[in-house]
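# Structural features, examined
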Amino acid sequence: MRRLQIQLARDARTSEINIGDGLRRELGSYIRNDERLKPRRVGVISNRRVFALYGRDVMRSLKAAKFSAVEWLMPEGERYKSLRSLERLLTFLAEKSFERSDVVVALGGGVVGDLAGFSAAVYLRGIPLIQLPTSLLAQIDSSVGGKTAVNLPTGKNLVGAFHQPANVLIDVGTLNSLPQRELVAGFCEMTKQALIGSQSLFEQTVAYLRKSPFGARLRATDELEALIAAHCEFKASIVAGDERESTDRLDRSSRKVLNFGHTTAHALEAVTNYRVFRHGEAVGYGLLVAGEISRSLGLLQQEELVALREAVQLCGPLPTAGQLNLNRILRAVKHDKKSLGGEINWVLLEGIGRPKIVSGREINESLLRQSLQTVLKAPTRK
Ligand code: NAD
Ligand code: GLY
């Protein structure tokens, strides 16, 4: 028997994250100045709404830097994050004769980012990707960490690949045009990261939320830039330690902790056929349920639960959930696709900034039912 070891050049996969106001206008020079990238063509993948807002700036900057730039626009919506869209996008890249050294840019929210990212992962077995995220969720979460995917009719994100972007260009100026519900959803995901991140990330996030009244547009301030940078730093630290979300890791630094709030969120989305909640809104409820369970198991102090509830409240109104059937939600929780060996692992909290992965066997049905009931039937969420 012979055994060979392959040493991969780690630095070939280094990602950079740049955060600032107006970076979309500098895309061309970022690519030109990046020694790892030598494209002739740059494909900008976006949707009609986002491209109408920011496409002109992006294409101008690419042309000013002397790249041949082409755009491919998808319709808006999660249902277009599909194998059919992927095939269309790959066909477009092939018809435009994209080569291994050419670059794909994802300009949009997480839907565009996941589809464009997956196309870059598989086209010619992988070409360079730049993420230019424009939703809050995409800026603090989905553009960082290299997960890419499309949905199947049987479930979300079931086909995908890990493909790290060469660069993530976060233009906080694009958040100004984000619709209110998308902001609420992004704030909920931000609160998730803050709760599992650290006491200081939590305080920084809550301080920002307190100053951001519901209904106000996001302005590209230094404070917002610093907050987004702190969130990206936290997410990148988790990804650096467990890039592929190892199935056998259950420690508090494993990538699985990023699923905090997601067990309930996936169930709420599934029982409503993905029609009632933005994903982040469902995560808002998920944080509250995980908080209740953590408190009931004696992991979380009462004042920490109160702080968690306040943070979720500050994110903005969530769609009412009191009308949903608890039995259906309970069944959906048991079928969460993140289960392993048929078992659900819950991410709970044993303090702010201290996530703990707990086997579903330790959470009996009556505790789960009680926690769901407390959170979903609360009259104050809207
Ligand atoms: P989205 O991409 O659907 O964007 C939300 C809406 O906002 C869309 O209508 C979009 O057109 C619009 N929009 C985006 N930027 C805008 C702007 N600046 N101005 C005006 N409108 C704008 O949703 P999302 O919340 O950004 O992302 C959700 C997706 O991300 C899901 O598919 C989810 O599975 C995926 N996701 C991926 C990861 C990952 O690690 N890859 C992590 C979390 C979520
Ligand atoms: N959003 C979860 C992850 O990137 O792992």
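Residues numbered from 1 in each chain as written. Chains lettered and ligands numbered in written order. Predicted model: local features only at pLDDT ≥ 70, side-chain atom pairs only at ≥ 80, totals over all residues. Heavy atoms only, no water.

## Details of the packing of aromatic side chains
Put simply, the test is: Here the aromatic set is Phe, Tyr and Trp, taking the six-membered ring for Trp, and pairing holds for ring centres within 6.5 Å; pairs whose planes are under 30 degrees apart are stacked, those over 60 apart are edge-to-face, and all others are tilted. Think of it in three bands: residues with accessible area under 20% of the maximum for their type are buried, residues over 50% are exposed, and the middle band is partly exposed, with areas taken using a 1.4 Å probe on protein chains only.
As enumerated under the stated definition, the model contains two aromatic pairs in all. Ring centres of Phe-277 and Tyr-285 lie 5.9 Å apart, and the angle between their planes is 80°; on these two criteria the pair is classed as edge-to-face. Accessibility assignment for this pair places Phe-277 and Tyr-285 in one class, buried.

## Description of the sheet that holds strand S1 (residues 16-20)
Put simply, the rule is: Each pair of strands is called paired provided DSSP finds at least two bridges between the two strands. Helix and strand labels come from DSSP, where a helix needs a run of H or I of at least four residues and a strand needs a run of E of at least two; each type is numbered from the N terminus. Axis lines are fitted through C-alpha atoms, for helices just across the contact stretch, and the angle between N-to-C directions can take any value from 0 to 180 degrees.
The sheet built from six strands is open, its strands ordered S1-S8-S5-S4-S2-S3 with parallel pairing. Every interior strand has two partners, whereas the edge strands, S1 and strand S3 (68-74), have only one. Sheet twist, expressed as the mean angle between neighbouring strand axes with direction ignored, is 15°. Of the pairings in the sheet, the one linking strand S2 (residues 41-47) to S3 comprises seven bridges and is parallel in character. Within S3, the residue paired with Val-42 across the bridge is Ala-69.

## A few points about the site of ligand 1
Our working rule: Nearness is judged by heavy atoms alone; a residue qualifies as near a molecule or strand once a single heavy atom is within 4 Å of it. The definition of a polar contact used here is a pair of N or O atoms within 3.5 Å, where within protein one atom must be able to donate a hydrogen and the other to accept one, and adjacent residues in sequence count solely through side-chain atom pairs. Each accessible area value is a Shrake-Rupley result obtained with a 1.4 Å probe; residue values ignore everything except the protein chains displayed when judging cover.
In the vicinity of ligand 1, 27 residues are found, and the nearest of them are Glu-76, Glu-78, Thr-134, Ser-135 and Ser-177. The separation between a nitrogen atom of ligand 1 and a polar side-chain atom of Asp-114 is 2.9 Å. The contact in question runs from a nitrogen atom of ligand 1 to an N or O atom on the backbone of Lys-147, over 2.9 Å. Out of a free accessible area of 860 Å², ligand 1 has 90% covered by protein chains. Within the residue set of the shell around ligand 1, elements represented by two or more residues are helix H2 (48-64), helix H4 (110-122), helix H5 (136-142) and strand S7 (155-162).

## Some details on the environment of Lys-235
Short version of the rule: It only takes one pair of heavy atoms within 4.5 Å for two residues to be counted as in contact.
Mapped onto the secondary structure, Lys-235 falls in helix H8 (residues 222-241). What makes Lys-235 buried here is its relative accessible area of 5%. Placed 136 residues apart in sequence, Lys-235 and Glu-99 show a C-alpha to C-alpha distance of 31 Å. Apart from residues no more than four positions distant in its own chain, Lys-235 is found in contact with Ile-140, Asp-141, Val-144, Gln-193, Arg-255 and Leu-258.

## Some points on the packing of helix H6 (residues 180-197) against helix H11 (residues 302-315)
Quick reminder of the rule: Any angle from 65 to 115 degrees is called roughly perpendicular, while one under 35 is roughly parallel, one over 145 is roughly antiparallel, and all others are oblique. Should the near helix be turned anticlockwise from the far one by less than a right angle, the crossing is left-handed, and should it be turned clockwise, the crossing is right-handed.
In the contact formed by H6 and H11, the axes pass within 8 Å of each other and the chain directions differ by 155°. Classified by the angle their axes make, H6 and H11 are roughly antiparallel. Of the two possible hands of crossing, H6 and H11 adopt the one that is right-handed. Counted together, Val-184, Phe-187, Cys-188, Thr-191 and Leu-195 of H6 and Leu-308, Ala-311, Val-312 and Cys-315 of H11 form the full contact between these two elements.

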